[in-house]
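A structural walkthrough
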Amino acid sequence: LEAPLEKKAGKNYGPPGQKKLIYFVDDINMPKLDPYMTQTPIALLRQHFDYGHWYDLEKLQHKNVGNTQYLSCMNPTAGSFFINPRLQRHFVTYAVGFPGPDSLMTIYSTFVGAYLKNFDPAVAERPTKLIGAGLELHNRVAGSFRKTAIKFHYEFNVRHLTNMFQGILYAKKEQIKTPDKLVKLWLHEAERTYCDLLMTVDDCTAYKQINKEVAKKYFPQDKDEQIFPNPNIFC
C-alpha cells in the first residue's frame, strides 16, 4: 500500500503531486478468519477508511494517507463468504452476472474482428462463425466435464474463453492466408485451453469428439485433413 506514496508535510502521505491513487483489492473475501473472527488485512483497510491513517511499522506513529480510493471485487463461490459489515458499509456494491451470448459475441467480435480485418478477405470474413463456434464449444465442454472431488479444476469460465480467442491474436497474416488455416489455429488454441486440462484419456477422446462436431457444424466446407491433423501442432 505504501509503495506508490510519497511524503507530504509532517505525517501526511499521498500519491505524487496532485494525482489521485486507486487501490484495487482483488478477492476481498479471501482473508481467513482468525480465532477472534477478524481478518487482519480487512481490519487494516477499515482503519484507513474510518480514520484516514495507518501506523508506521518502524516509528509506530500515524501515517495520514490522502487522495486515495478503493475499488474491490470478490468471488461469490470461494473464500470466507464473510465481509466485515463495518468495511462493506463504505462501498457501493454491484453484482455482475456471467455475460449472456449476445454480450459475449459483441465482446469477442470487437477485438477478434478488428485484428483480422487486415488479413486476406476470405480470412477476415470468418470471425463471426469462429466466435459462434468457440462459444458453443465452451458451453459443451463446461456442460460435459463437471467438477468433482478428484477433478476439482474442471471449472470453465470466461477466462478460458478469453485465453482461447487471445491465442488467435498471435496469428500473422503472412502465415494465415486461407480460412481453413484460421480454423486449424482456433482448434489448436481450443485444445491447448481445454483439452490440456483434462485428466484422463477418455476425457480427451470425448473432448475431441465435441471439438469435431462443433467444427463441422460451423465450417462444413473445410476438409477434415486440413483442419483435423493428428496431432494439431501449430507455431
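See above for the structure.
Residues numbered from 1 in each chain as written. Predicted model: local features only at pLDDT ≥ 70, side-chain atom pairs only at ≥ 80, totals over all residues. Heavy atoms only, no water.

Attention shifts here to the pattern of salt bridges. One pass over the full model with this rule turns up 14 salt bridges. For D56, the salt bridge is made with K63, and the minimal N-O distance between the two is 3.5 Å. For E213, the salt bridge identified is with R140, shortest N-O distance 2.7 Å. In this pair, E213 sits in helix α8 (residues 201–218) while R140 sits in helix α5 (residues 127–144), placing the two residues 73 residues apart along the sequence. Residue classification places R140 among the partly exposed residues on the basis of a relative accessible area of 29%. The network of salt bridges with shared partners includes E2, D56 and K63. (Salt bridge = Lys/Arg side-chain N within 4 Å of Asp/Glu carboxyl O. Helix = DSSP H or I, 4+ residues; strand = E, 2+ residues; numbered from the N terminus. Buried < 20%, exposed > 50% of the residue type's maximum accessible area, 1.4 Å probe, protein only.)

Here the focus is the packing of aromatic side chains. This model, assessed by the stated rule, comprises ten aromatic pairs. Ring geometry for F49 and Y70: centres 4.8 Å apart, planes at 40°, overall tilted. Of this pair, F49 sits in helix α1 (residues 40–51) while Y70 is found in strand β6 (residues 68–72), placing the two residues 21 residues apart along the sequence. Classification of Y70 by relative accessible area gives buried; the value is 10%. (Phe/Tyr/Trp six-rings, centres within 6.5 Å; stacked < 30°, edge-to-face > 60°.)

A cluster of nonpolar side chains, namely I22, F24 and L71, defines an oily patch on the protein surface of about 330 Å² accessible area. Along the chain, F24 falls in strand β3 (residues 21–25). (Patch = residues over 30% accessible without salt bridge, like charges linked within 9 Å, V, L, I, M, F, W, Y side chains within 5 Å. Areas by Shrake-Rupley, 256 points an atom, 1.4 Å probe, with all protein chains shown as cover.)

Of note, the bond from N230 into P231 is cis; its omega dihedral lies within 30 degrees of zero at 0°. Position of P231 among the secondary structure elements: in the segment after α9 (224–227). With phi around 50°, D27 is a residue other than glycine that occupies positive phi space. Relative to the helices and strands, D27 resides in the loop between β3 and α1. Positive phi values are uncommon outside glycine, yet L60 reaches one of about 55°. With respect to the secondary-structure elements, L60 resides in the loop between β4 (53–55) and β5 (62–65). With a relative accessible area of 64%, L60 lands in the exposed category.

This brings us to the nonpolar core. Ranked by size, the top nonpolar core spans 38 residues in total, and within it L137, W186 and Y207 carry the most contacts. Contributions of two or more residues to this core are made by α3 (101–116), α5, α6 (158–168), α7 (179–193) and α8. Ignoring anything within four residues of it in the chain, the contact list for Y207 reads L137, V141, F145, A190, E191, Y194, C195 and L198. (Core = buried A, V, L, I, M, F, W, Y, C linked by side-chain atoms within 4.5 Å. Contact = heavy atoms within 4.5 Å.)

Let us look at the layout of surface pockets. Left-over empty space is what a probe sized like a water molecule reveals as it rolls over the atoms. The space that makes up the largest pocket amounts to roughly 1,300 Å³. In this structure, the largest pocket is lined by 32 residues; those nearest its centre are C73, M74, N75, P76 and V96. Those elements that provide at least two residues to the lining of the largest pocket are β6, α2 (85–88) and α6. Of the residues forming the lining of the largest pocket, the biggest block, four residues, is contributed by β6. Residues of the lining of the largest pocket, tallied by class, amount to 19 nonpolar, nine polar and four charged. L187, E191, K208, Q209, N211, K212, I227, F228, P229, N230, P231 and N232 are the residues that line the second largest pocket. Mapped onto the lining of the second largest pocket, the elements with two or more residues apiece are α7 and α8. Tallied by class, residues from the lining of the second largest pocket come to five nonpolar, four polar and three charged. (1 Å grid on protein atoms, 1.4 Å probe; cavity = no way out; pocket = protein on both sides within 12 Å on 5 of 7 lines; lining within 4 Å. Points joined across faces, edges and corners; volume = space filled by probe spheres on them. Nonpolar A, V, L, I, M, F, W, Y, C, P; charged D, E, K, R; others polar.)

Over its twelve residues, α1 extends 16 Å from the first C-alpha to the last, a length consistent with the 16 Å expected when each residue adds 1.5 Å. For α1, every residue scored as buried is listed here: I42, L45, R46, Q47 and H48. Buried-residue contacts for α1 involve β3, β4, β5, β6 and α2. Phi turns positive one or two residues past the end of α1, at G52, with a value near 80°. (Expected span 1.5 Å × (residues − 1).)

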